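# Observations on the model geometry
One-letter residues, chain by chain:
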Amino acid sequence: MASASEALLDRMVTETPALAECRAGLQMVFEIIRTSFAQGGKLLLCGNGGSAADCEHIVGELMKGFLLPRPVPQAFRDHPALQGEGDRLQGALPAISLTGQPALCTAFSNDVDPEMGFAQQVYGYGRAGDVLLGLSTSGNASNVCHAVRVAQAMGLKTIGMTGQTGGKLKELCDFCLCAPATETYRVQEYHLPLYHTLCAMLEYAFFAV
């Protein structure tokens, strides 16, 4: 019987055949992030424009229920401090989008360096064993590349999600998942089923009964 991950990958390829070439790579990305979560790590994400929106989208799928119910442990729900409010919580996979800090990013851009805003957040939030996922359709976004370099210096695993060529991120990251397109909008259209499948795989890994 196929595992949940295999079934989800099969469905992705059936629905979007062009992503068949990304199947093995997405499995590797899943393993990197799953291992980090299992060891108490977190996922940091960064990108620009449409990729920034994708970062926020991914966080939304990981930090609350996506396809499965995620009741929190009964022992936690029974804690007297919660007074029953634990029933209104869901299990979460820790993910932070570095695109959602406008006060910090604008202050850092104005006071220090506009290309280093994501890198500064990686330095502040990141810990060895965490994962940084950098999205860039070209693979050449300078602020994402700077964030990857800081992440590597701090002992984080680094993943790029890019277009066909991979750009600079393909050389910088521990692993780069390259969607089979070069036009920005087409790359973004492929990124959606890739990260939806990834989020579903992670959810099943941690929350399937």
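Report follows, based on the coordinates. Only a predicted model underlies this, so the values are computations on that prediction, with no experimental measurement involved. (Residues numbered from 1 in each chain as written. Predicted model: local features only at pLDDT ≥ 70, side-chain atom pairs only at ≥ 80, totals over all residues. Heavy atoms only, no water.)

### Here we look at the sheet that holds strand 5 (residues 175–178)
- One open sheet accounts for five strands, arranged 2-1-3-4-5; its pairing is parallel. This sheet does not close on itself; its edge strands, each paired only once, are strand 2 (95–97) and strand 5. Going across the sheet, the axis of each strand differs from the next one's by a mean of 20°, ignoring polarity.
- Where strand 4 (residues 157–162) meets strand 5, four bridges bridge the pair, whose relative direction is parallel. Bridged to threonine 162 within strand 5 is cysteine 178.
- Running at roughly 135° to strand 5, helix 2 (residues 23–38) makes contact with strand 1 (43–46), strand 3 (131–135), strand 4 and strand 5 of the sheet.
- Contacting strand 3, strand 4 and strand 5, helix 9 (residues 184–207) runs over the sheet at an angle of about 130° to strand 4. (Pairing = 2+ DSSP bridges. Helix = DSSP H or I, 4+ residues; strand = E, 2+ residues; numbered from the N terminus. Axes fitted to C-alpha atoms, helices over the stretch in contact; angles between N-to-C directions. Contact = heavy atoms within 4.5 Å.)

### Here we look at the environment of arginine 88
- Mapped onto the elements, arginine 88 comes out in the loop between helix 4 (74–77) and strand 2.
- Residues arginine 88 and proline 71 lie 17 residues apart in sequence; the distance between their C-alpha atoms is 8.7 Å.

### Description of the pattern of salt bridges
- Scanning the model with the defined rule gives seven salt bridges in all.
- Here glutamate 203 ties to arginine 70 by a salt bridge, and the two come within 2.8 Å at their closest N and O atoms. Pair noted here: glutamate 203 is in helix 9 and arginine 70 is in the loop between helix 3 (50–62) and helix 4, with a separation of 133 residues, a long-range link.
- A residue is classified by how much of its surface remains accessible, and glutamate 203, at 0% relative accessible area, is buried.
- On the accessibility criterion, arginine 70 (2% relative accessible area) is buried.
- Between arginine 77 and aspartate 87 there is a salt bridge whose closest N-O contact spans 3.6 Å. With arginine 77 in helix 4 and aspartate 87 in the loop between helix 4 and strand 2, the pair connects residues that are ten residues apart, well separated along the chain.
- For arginine 77, a relative accessible area of 22% gives the class partly exposed.
- Classification of aspartate 87 by relative accessible area gives exposed; the value is 56%. (Salt bridge = Lys/Arg side-chain N within 4 Å of Asp/Glu carboxyl O. Buried < 20%, exposed > 50% of the residue type's maximum accessible area, 1.4 Å probe, protein only.)

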